[in-house]
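Here's the letter readout for the chains.
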Amino acid sequence: MSRVALLCALGLAAALAYPLLVPNYLVTIGMLVFFTAFIGQSWNIAGGFAGQTSFGHVVFFGTGAYTSTILQVTYGWNPWLAWPVAMAAGGVVGWMIAVLSFRAGLRGSYFALITLAFAEVFRILANSVPFTKGGLGMLIKADPQPLNFQFKDPIWIYYLALLLCIVSLLIAWQLTRSRFGARLVAIRENEDAARALGIDVFAEKVKVLTLSGAMCAAGGTFYAQKYLYIDPGIAFGVDKSVEMLLVSMVGGAGTIFGPLIGSFTLMGINEVTRWLASVVPALKNVQPLSLVVYGIMLILIVARLPDGLMSLFRGKPRHA
Amino acid sequence: MFDPAFLLAGVLNGLLAGGIYVLVAVGLTLIYGVLHIINFAHGSLLMLAMYAVFYLWRLIGIDPYAALPVVIAGAFGFGYVLYRLLIGRYNHGRDENILLITLGLSIVIDNVALLFFGGDTQTIDVPYAGSFVEIGAAFLPLPKIISFGASLVICAALGLYMAKSDMGKAIRAVARERQGARLVGIDVENVFAVSYGIGIACLGAAACLLMPTYYVTPSSGHAFVLVAFTIVVLGGMGSFAGAAVGGFLIGITESLGGLFLGEQLGQIGISLIFILILLLKPTGLFVSKA
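What counts and what doesn't
Residues numbered from 1 in each chain as written. Chains lettered and ligands numbered in written order. Predicted model: local features only at pLDDT ≥ 70, side-chain atom pairs only at ≥ 80, totals over all residues. Helix = DSSP H or I, 4+ residues; strand = E, 2+ residues; numbered from the N terminus. Buried ≥ 20, exposed ≤ 12 C-beta atoms within 10 Å, placed from the backbone. Rg over C-alpha atoms; globule rule 2.2 N^0.38 Å. Contact = placed C-beta atoms within 7 Å. pLDDT = per-residue confidence, 0-100. Axes fitted to C-alpha atoms, helices over the stretch in contact; angles between N-to-C directions. Parallel < 35°, antiparallel > 145°, perpendicular 65-115°, else oblique. Left-handed = near helix turned anticlockwise from the far one by under 90°. Nonpolar A, V, L, I, M, F, W, Y, C, P; charged D, E, K, R; others polar. Arc of directions from axis to C-beta.

**Some details on the overall build of chain B**
Inference 1: Secondary structure assignment for chain B yields eleven helices and four strands.
Inference 2: Based on the C-alpha atoms only, the size of chain B along its principal axes is roughly 60 × 45 × 35 Å.
Inference 3: For chain B, the proportion of its 290 residues judged to be buried stands at 53%.

Structure below.
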């Protein structure tokens, strides 16, 4: 344990010092790593720890992004005040989807598919109803002041992403040592056995999806404040859902550091393909290439390394 | 407010679209019924087949309808090999695993298509594209009617094959009781691969029938995947008759949704039906008879 604590301290020191030592664009990449790790962790808490694989986690992300943006743009709220409301909205959506789906007894693939359909419904609604401005998307007025949740220097948004990531790691850590977390793992491993042991499976699954939804919504607000623009495709598109799932699966679903390691790995692949594209002219279209690699990694991880890259560090399988 | 003739046109258009959806959904439901896996790559494989039809036309000048035998055979071979090399090795264990593997597969296929074919929308100009048939107040594009008829013929042929041929009987035996099928000497792994191949061959046929009136982009798969899943859960996972009825219902829903709610909001009907069926009657409206 002390070795892990030492590593964590070293990692934290490096993460704190990093933006002071590198140029701005690397600071932004670092910010993206921690931000993706954070939304990945929100997926991991439900999909990894509790085994409730979701294909539509973006529904929470978009709910958060739109809630805070609408409060801010349409009603003149301060974004810092809108943030907790956005999280609450994400939690409510998580609670609602969980109650509906788990009441109907949906499990496994069926749960994954229904979350995808919920995200589609939200995307189409955001595209059609007037208060989201439809397909045009919503612009937040640029006014870079800390009070407005906008920062001139990328270093502050970096530190905020780092803080979010640390909070999410602490939540995941808490799950590994609390009875709540133990119940979730029991549900993941064998739902019927967990029920036979007296666990209220339905209540626990609803709780975890509410928590996960609130976290993911926090990420949505953060994203909207960073880019000052959202539209239905960004906020409710399938790409972000896949990204959250990927970083967790690649790093190690159901582990504390899985999403962070997955996020580092994917960002590394991204940068390598970007470099390749600049060297090999035939590959100048970067985005698809890195996604091809992600897809192959997902297949390989599920097939060969179900505990993700984390298991390489640990050396022993989780499922004894 | 709406003219009944207008409504009739919407229903007829929906039926025609539904005819092709049936073919897509039959492939998906066959794969589910026999292998018990959810093929999330279904839409992406359809997109790939549509590109095959497009390039056969663009490069060699083969008419999409004339390409049917080639594309069906090619799609069958592709599906068979894909099963042998990838799907078949991992279709045991937790059911989410194969879902994730087919998700990975769809990500790879979509983005390889984007790399090689570019993001542009591609269409085929067939000489008969502008021909219409007048039924009441409805003007129906001729290619849609041909495709509809061809789709029904192919579905009937598949049904006959499943009912009469030795392989069809073996497939049904494996779908019902794989252990028992193995005991009577059926090569179950081969049946799995053939079933997956037939499922993908249905996509090949659908691609040929779609291309005269539809377009293809690397993201076309997304447009179809939720539609196909909705049809299949509506009809009951694994049920052929269910997939047929579901296909028509969804075609009409989509057409009328577009008519009453507009192009954007009209799409919501399919997702809502999917959610409602899963929540209220996950076995589908029609009970499966394997």
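There is more to say, and it comes next.
**Here we look at the overall build of chain A**
Inference 1: Along its length, chain A carries 14 helices and two strands.
Inference 2: In terms of overall dimensions, chain A is globule-like: its C-alpha atoms have a radius of gyration of 19 Å, near the 20 Å expected for 320 residues.
Inference 3: Oriented by its inertia axes, the alpha-carbon framework of chain A measures out at about 55 × 45 × 40 Å.
Inference 4: Counting every position in chain A, which comprises 320 residues, the buried fraction comes to 49%.

**What about the environment of A:Cys165?**
All names here are of chain A.
Inference 1: By secondary structure assignment, the location of Cys165 is in helix H6 (residues 154-177).
Inference 2: Among the residues examined, Cys165 registers 24 C-beta atoms within 10 Å and is labelled buried.
Inference 3: In this structure Cys165 touches Phe34, Ala37, Phe38 and Leu260, once residues within four positions along its chain are discounted.

**A short note on the confidence of the model for chain B**
Residues and elements named next belong to chain B.
Inference 1: In the predicted model, chain B carries a mean pLDDT of 88, and 96% of its residues have values of at least 70.
Inference 2: When pLDDT is averaged over each helix and strand of chain B, the minimum, 78, is found for strand S2 (residues 132-135) and the maximum, 95, for helix H2 (residues 42-60).
Inference 3: For this predicted complex, the interface confidence reaches an ipTM of 0.88, while the overall pTM sits at 0.91.

**Describing the packing of helix H11 (residues 238-251) of chain A against helix H13 (residues 286-304) of chain A**
Residue and element names in this part refer to chain A.
Inference 1: Where H11 meets H13, the axes come as close as 9 Å, and the angle between the chain directions of the two elements is 45 degrees. The orientation of H11 relative to H13 falls into the category oblique. With respect to the hand of their crossing, H11 and H13 are arranged in left-handed fashion. Residue-level inspection shows Leu246, Met249 and Val250 of H11 in contact with H13, the latter providing Tyr294, Met297, Leu298, Ile301 and Val302.
Inference 2: Considering only residue class, the contact of H11 with H13 consists of eight nonpolar, no polar and no charged.

**Some details on the environment of A:Ala37**
Residue and element names in this part refer to chain A.
Inference 1: Looking at where Ala37 falls in the secondary structure, it is placed in helix H2 (residues 24-49).
Inference 2: Along the backbone, Ala37 and Glu120 are 83 residues apart, and their C-alpha atoms lie at a distance of 24 Å.
Inference 3: Excluding its chain neighbours within four sequence positions, the residues that come into contact with Ala37 are Cys165, Val247, Pro259, Leu260 and Ser263.

**Some words on the environment of A:Trp43**
Inference 1: With respect to the secondary-structure elements, A:Trp43 resides in helix H2.
Inference 2: Along the sequence, A:Trp43 and A:Ala119 sit 76 residues apart, while their C-alpha atoms lie 14 Å from each other.

**Things to note about the interface of chain B and chain A**
Inference 1: Contacts between the two partners involve 31 residues from chain B, matched on the other side by 32 residues from chain A.
Inference 2: At 15 residues, helix H4 (residues 95-117) of chain B tops the list of elements feeding residues into the side of chain B that touches chain A.
Inference 3: In terms of residue class, the side of chain B that touches chain A is built from 22 nonpolar, seven polar and two charged.

**Some details on helix H6 (residues 166-176) of chain B**
All names here are of chain B.
Inference 1: The complete set of buried residues in H6 reads Ala170, Ile171, Val174 and Ala175. For H6, the angular spread of buried residues about the axis comes to 135 degrees, placing them on one side.
Inference 2: For H6, the secondary structure elements touched by its buried residues are helix H1 (4-35), helix H5 (142-164), helix H7 (178-183) and helix H8 (188-210).

**Quick look at helix H7 (residues 179-189) of chain A**
All names here are of chain A.
Inference 1: Inspection of H7 places Gly181, Arg183, Leu184 and Ile187 among the buried residues, and these make up the whole buried set. Each buried residue of H7 sits inside an arc of 160 degrees when the element is viewed along its axis, so together they form one side. Residues Arg179 and Glu189 are exposed on H7 and point more than 90 degrees away from its buried face.
Inference 2: Against H2, H6, helix H8 (191-196) and helix H9 (201-227) lie the buried residues of H7.

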